[in-house]
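Listed here are the chains, written in short residue letters.
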Amino acid sequence: MSPKTDRRQASGAAPPRPPADAARADAVRTIATQYVGDRGPLLPILHSVLEHHGYIADDDIPVIAEVLNLSRADVHGVVSFYPDFRRTPPPAVRVVLCRGEACQSVGAEDLYAAARSAAARADDVEVGEVFCLGNCALGPSGVVNGQLRGRLTTADVLAPLHRRQR
Ligand code: FES
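Let me begin by describing the structure that accompanies this report. (Residues numbered from 1 in each chain as written. Predicted model: local features only at pLDDT ≥ 70, side-chain atom pairs only at ≥ 80, totals over all residues. Heavy atoms only, no water.)

Our focus in this paragraph is the packing of aromatic side chains. Evaluated as defined, the whole model comprises two aromatic pairs. The interplanar angle of 85 degrees and the centroid separation of 5.8 Å between the aromatic rings of Tyr82 and Phe85 together place this pair among those described as edge-to-face. A relative accessible area of 35% means that Tyr82 is categorised as partly exposed. An aromatic cluster is present here, built from Phe81, Tyr82 and Phe85 joined pairwise through their rings. Against the face of Tyr55 rests Arg24, its NZ or CZ located 4.4 Å from the ring centre. (Phe/Tyr/Trp six-rings, centres within 6.5 Å; stacked < 30°, edge-to-face > 60°. Buried < 20%, exposed > 50% of the residue type's maximum accessible area, 1.4 Å probe, protein only. Lys NZ or Arg CZ within 6 Å of the ring centre and 35° of its normal.)

This is the structure in structure tokens:
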């Protein structure tokens, strides 16, 4: 045991915080560094982190802030402002259904209700809503695991959810 450890234990001080995931921090730093010098680099960096890692972890914020020479509060403020910057690992299945008027007119509400009901009986799934995906002519529309889909049927939406049922 090192003398440093002995002193910490003797003083009753809290153990040091475990280091953040160093590999992830390096990857986020690499992403952020690519945008240094661009105008308005924060949003592209956040989108890129989201694309590569699926979410923006708490520990990503100080890394990005350091690279851009911003405060953590600045970065956190932007991350927390936009709901699409998810803060937790994504579920195994994520379905986002359009509930806009054009999609409602072709059955989106029934689809959404069925998906919510199936999701309540499944593990590691998420059903979200959006109010137009710009795919109105092909409604009902949605995004299933990141892929824009049109003319969705109940079977299309429920199949991935049923695979995760308890
Ligand atoms: S209303 Fe659903 S895609 Fe536009």
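There's plenty left to go through after this.
Take helix α3 (residues 42-53) next. An ideal rise of 1.5 Å per residue puts 16 Å on twelve residues; α3 measures up with 16 Å between its terminal C-alpha atoms. Those residues of α3 lying buried are Leu42, Ile45, Leu46, Ser48, Val49 and Leu50. Structurally, α3 contributes buried residues whose contacts are with α2 (22-35), α4 (60-68) and α5 (72-81). Positive backbone phi, approximately 85 degrees, marks Gly54, located one or two places after α3. (Helix = DSSP H or I, 4+ residues; strand = E, 2+ residues; numbered from the N terminus. Expected span 1.5 Å × (residues − 1). Contact = heavy atoms within 4.5 Å.)

What follows deals with the pattern of salt bridges. Inspection of the entire model under this criterion finds ten salt bridges. Close ionic contact of Arg86 with Glu126 constitutes a salt bridge, the shortest N to O distance being 3.1 Å. Here Arg86 is found in the loop between α5 and β1 (93-98), whereas its partner Glu126 is found in strand β2 (residues 125-130), with 40 residues between them in sequence. Relative accessible area serves as the criterion here: at 15%, Arg86 is assigned to the buried category. Through salt bridges that share partners, Arg86, Arg94 and Glu126 make up one connected network. (Salt bridge = Lys/Arg side-chain N within 4 Å of Asp/Glu carboxyl O.)

Further remarks concern the side chain of Asp60. For Asp60, the position within the fold is in helix α4. What makes Asp60 buried here is its relative accessible area of 2%. Only 2.9 Å separates the side chain of Asp60 from the backbone nitrogen of Ala57, close enough to count as a polar contact. (Polar contact = N/O pair within 3.5 Å; in protein donor to acceptor, adjacent residues only side chain to side chain.)

If you trace the four strands from one edge of the open sheet to the other, you get β2-β1-β3-β4, paired in mixed fashion. In this open sheet, the two edge strands, each paired with only one partner strand, are β2 and β4 (147-149). Along the sheet, successive strands turn relative to each other by an average axial angle of 25 degrees, direction set aside. With six bridges connecting them, β1 and β2 associate as parallel partners. By the bridge assignment for β2, Val95 is matched with Val127. Where helix α7 (residues 108-120) meets the sheet, it contacts β1 and β2, and its direction lies at approximately 155 degrees from that of β2. Packed on one face of the sheet, helix α8 (residues 154-162) meets β1, β2, β3 (142-144) and β4 and runs near 155 degrees to β1. (Pairing = 2+ DSSP bridges. Axes fitted to C-alpha atoms, helices over the stretch in contact; angles between N-to-C directions.)

These values are about where atoms sit, not about what they do.
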